[in-house]
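In case you want the letters, here they are:
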Amino acid sequence: MNHPIWLIAGREFRAYVTTASFWLALAIGPLLTGGAMLAQRTPPAAQEQLVIAAGAGGWEARFSEDFPLSPAGRAQVLQVLRGEGQAVQAAPARAPREAADLSRLLLVLLLWVTLVGSLGMLLQAVVRERANRALEILMSAARPLDVVLGKVLGVGAVSVLVIGAWLAAPAAAAMSAPGLSLGALAAFADPWVLLRAAVIYGLAFGFYGFLTVAAGVMARDSADAQNLARPMFAVLLVAFFTTMAAAAGAAEKTAWLTFLPPFTPFMLLVRPAPPAVEAVAIAELALVTVLAGWGASEVLRKGVASPGFRWPRLLRSKTSVRDY
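Note that residues are indexed from 1 along each chain, following the sequence as it is written. Two thresholds apply to this predicted model, a pLDDT of at least 70 for residue-level local features and 80 or more for giving and counting side-chain atom pairs, whereas whole-chain, interface and lining totals are computed over all residues. Think of the side-chain values as coming from all heavy atoms in the structure, minus any hydrogens and water.

**Student:** Can you lay out the overall build of the protein chain for me, pointing to particular residues and giving the numbers?
**Tutor:** Secondary structure elements are taken from DSSP: a helix is a run of H or I of four residues or more, a strand is a run of E of two residues or more, and numbering for both begins at the N terminus. Counting secondary structure elements, the protein chain contains 10 helices and two strands. Moving toward the C terminus, one meets the helices and strands of the protein chain in the order α-α-β-β-α-α-α-α-α-α-α-α. Within the protein chain, the fraction of its 324 residues that count as buried is 38%. By definition, residues are in contact when any of their heavy atoms lie within 4.5 Å. Taking the contacts inside the protein chain whose residues are at least 6 apart along the sequence as the reference set, 71% of them involve residues at least 24 apart. Carbon and sulfur atoms form 67% of the exposed surface of the protein chain, whose accessible area is close to 18500 Å². Only protein chains enter the accessibility calculation, which uses a 1.4 Å probe; a residue whose area is less than 20% of its type maximum is buried, one above 50% is exposed, and one in between is partly exposed. Each accessible area value is a Shrake-Rupley result obtained with a 1.4 Å probe; residue values ignore everything except the protein chains displayed when judging cover.

See the structure below:
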């Protein structure tokens with residue numbers, strides 16, 4: 001464990017887990033999910049109901065005991081239904097959303113939330129170390145690729161710890177309350193679902209994490225870094241809403257986005273693709289992630305190890321009129 005990658009990753013991990021904000025974020029998720037599940041044990045309050053259903057001789061009406069209608073009014077409703085019920089068409093019942101669909105939506109939401117939060121932390125860390133010349137010290141003891149991998153792995157471990165805590169809370173609530181259902185989380189009991197989601201999440205975090213490191217190295221300060229990273233976060237926002245549209249019924253129209261790397265993780269999580277399509281999409285995402293890691297290391301090498309290097313005009317942040 002003395003390799004520079006693991007040393008840098010451990011340094012990044014310890015830098016975040018020793019802050020109060022980390023433990024606050026770690027506690028909010030379990031409190032919300034576990035509390036919501038425990039709240040399901042409270043029986044709902046009785047409500048006034050009128051149930052109309054198709055029977056053998058036409059339509060039938062069933063009133064709750066406290067329904068606000070007199071016996072004469074109830075008899076009139078029954079008379080109308082029996083006389084004209086044959087001409088009334090029942091609306092088809094809408095099938096309830098399956099737990100598997102809800103679990104996929106939950107995975108997409110977890111991926112998006114952790115990406116947005118973790119990438120923001122990673123960006124600020126790179127900019128801060130670029131400003132105080134800590135990156136130059138790391139570069140003197142490790143290769144650029146080792147520095148990039150160590151930073152992404154360290155922040156990625158923090159996000160995995162948060163996700164684990166968020167998912168473990170409902171399971172603990174179910175164990176402490178017999179008869180409490182896991183609902184959408186029940187699908188996570190399948191090891192294959194967890195393994196598949198872990199692979200997709202790892203590739204997604206690596207792809208976006210490497211781009212974030214590159215943006216942080218090219219920036220001169222925090223405001224500059226936010227300007228450079230804004231397009232990436234905009235793509236994340238578009239990917240999230242596109243995935244929600246696919247889950248709502250636009251899967252066929254958005255299927256081609258499965259092969260577009262910024263959208264690939266979200267599309268694979270929300271709608272399982274055929275094995276051959278999924279294998280090609282994951283292989284493509286893995287290749288692009290490797291290229292992004294190599295590109296981030298080259299940006300770090302030229303930006304830190306070569307102080308006189310100037311970025312192409314297209315990649316420079318515009319902070320004054322002369323920059324345009």
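Picking up where we left off.
**Student:** A description of the nonpolar core should follow, citing residues and the corresponding values.
**Tutor:** In a soluble, globular protein the nonpolar side chains are often hidden away together inside. Among the nonpolar cores identified, the biggest contains 57 residues, and Leu-115, Tyr-208 and Phe-266 are the most heavily contacted of them. In contact with Phe-266, other than residues within four places in its own chain, are Val-108, Leu-111, Trp-112, Leu-115, Tyr-208, Leu-236, Ala-239 and Thr-243. What we call a nonpolar core is a set of buried Ala, Val, Leu, Ile, Met, Phe, Trp, Tyr and Cys residues that are connected through their side-chain atoms within 4.5 Å. Core analysis: the second largest hydrophobic core is formed by six residues, Leu-123, Val-127, Ala-219 and Ala-225 among them.

**Student:** For unusual backbone geometry, give the residues involved together with the corresponding values.
**Tutor:** Not every positive phi belongs to a glycine, and Arg-133 is a case in point at roughly 65°. Note on placement: Arg-133 falls in the loop between helix H4 (99-131) and helix H5 (134-141).

**Student:** Residue-level account of the environment of Leu-106, with values.
**Tutor:** If you trace the backbone, Leu-106 turns up in helix H4. In this structure the C-alpha to C-alpha distance between Leu-106 and Leu-269, which are 163 residues apart in sequence, comes to 9.4 Å.

**Student:** Give me the packing of helix H7 (residues 191-218) against helix H8 (residues 222-250): which residues, what numbers.
**Tutor:** Between N-to-C directions, angles span 0 to 180 degrees; the directions come from axes that are lines fitted to C-alpha atoms, helices contributing only their stretch in contact. Look at H7 against H8: their axes get within 8 Å of each other, and the N-to-C directions meet at 160°. The angle between H7 and H8 falls in the class roughly antiparallel. Between H7 and H8 lies a crossing whose hand is right-handed. Together, Tyr-208, Leu-211, Thr-212, Ala-215 and Met-218 of H7 and Asp-224, Leu-228, Met-232, Val-235 and Leu-236 of H8 make up the contact between the two elements. Should an angle fall under 35 degrees it is called roughly parallel, over 145 degrees roughly antiparallel, and 65 to 115 degrees roughly perpendicular, with every other angle called oblique. By convention, the crossing between two helices is left-handed when the near helix turns anticlockwise from the far helix through less than a right angle, and right-handed when the turn is clockwise.

**Student:** Summarise the confidence of the model for the protein chain; cite the residues concerned and give the values.
**Tutor:** pLDDT measures how confident the predictor is about each residue, on a scale from 0 to 100. Of all residues in the protein chain, 68% attain a pLDDT of 70 or more, and the chain-wide mean is 75. Note that pLDDT drops below 50 for residues 86-96; the model gives that stretch six contacts with residues more than four away or on any other chain. Low pLDDT (under 50) marks residues 317-324, which in the prediction has 12 contacts with non-local residues, meaning those over four places away or in another chain.

**Student:** Summarise the side chain of Thr-212; cite the residues concerned and give the values.
**Tutor:** Its place among the elements puts Thr-212 in helix H7. Any pair of nitrogen or oxygen atoms within 3.5 Å is treated as a polar contact; in protein, a donor-acceptor pairing is required on top of that, and neighbouring residues in sequence qualify only through side-chain atoms on both sides. Side-chain polar atoms of Thr-212 contact the backbone oxygen of Tyr-208, separated by 2.8 Å. Here Thr-212 is in contact with Leu-119, Leu-122, Leu-123 and Met-232, once residues within four sequence places are set aside.

**Student:** Account for H8, with residues named and values stated.
**Tutor:** Bend, in this description, refers to the angle at a residue between axes fitted to the seven residues ending there and the seven starting there. At Ala-229, H8 shows its maximal kink, close to 45°; a proline, Pro-231, follows between one and four residues later. For H8, the complete set of buried residues consists of Asp-224, Ala-225, Ala-229, Met-232, Leu-236, Ala-239, Phe-240, Thr-242, Thr-243, Ala-246 and Ala-247.

**Student:** I'd like to hear about the side chain of Ser-297, residue by residue, with values.
**Tutor:** Mapped onto the elements, Ser-297 comes out in helix H10 (residues 275-304). Setting aside its immediate chain neighbours within four residues, Ser-297 contacts Pro-144, Leu-145 and Val-148.

**Student:** Describe the packing of aromatic side chains, with residues and values.
**Tutor:** Here a pair means two rings of Phe, Tyr or Trp (six-membered ring of Trp) with centres within 6.5 Å. Their orientation is stacked below 30 degrees between planes, edge-to-face above 60, and tilted elsewhere. Scanning the model with the defined rule gives four aromatic pairs in all. Ring centres of Phe-207 and Tyr-208 lie 5.1 Å apart, and the angle between their planes is 75°; this geometry places the pair in the edge-to-face category. Note on accessibility: Phe-207 and Tyr-208 belong to one class, buried. Taking 5.6 Å as the distance between ring centres and 75° as the angle between the ring planes, the aromatic pair formed by Phe-240 and Phe-241 counts as edge-to-face. Residue classification places Phe-240 among the buried positions, given a relative accessible area of 14%. Since its relative accessible area comes to 51%, Phe-241 is described here as exposed. Clustering of aromatic rings is evident, with ring pairs tying together Trp-112, Phe-240 and Phe-241.

**Student:** Help me get a handle on the pattern of salt bridges, residues and values and all.
**Tutor:** By convention in these notes, a salt bridge is any Lys or Arg side-chain nitrogen within 4 Å of a carboxyl oxygen on Asp or Glu. Applying the stated rule across the entire model yields eight salt bridges. Residue Arg-301 pairs with Glu-298 through a salt bridge whose shortest N-O separation is 2.6 Å. Here Glu-298 and Arg-301 lie together in helix H10, a separation of three residues that amounts to about one turn. Overall, Arg-301 belongs to the partly exposed group, its relative accessible area being 34%. For Glu-298, a relative accessible area of 22% puts it in the partly exposed group.

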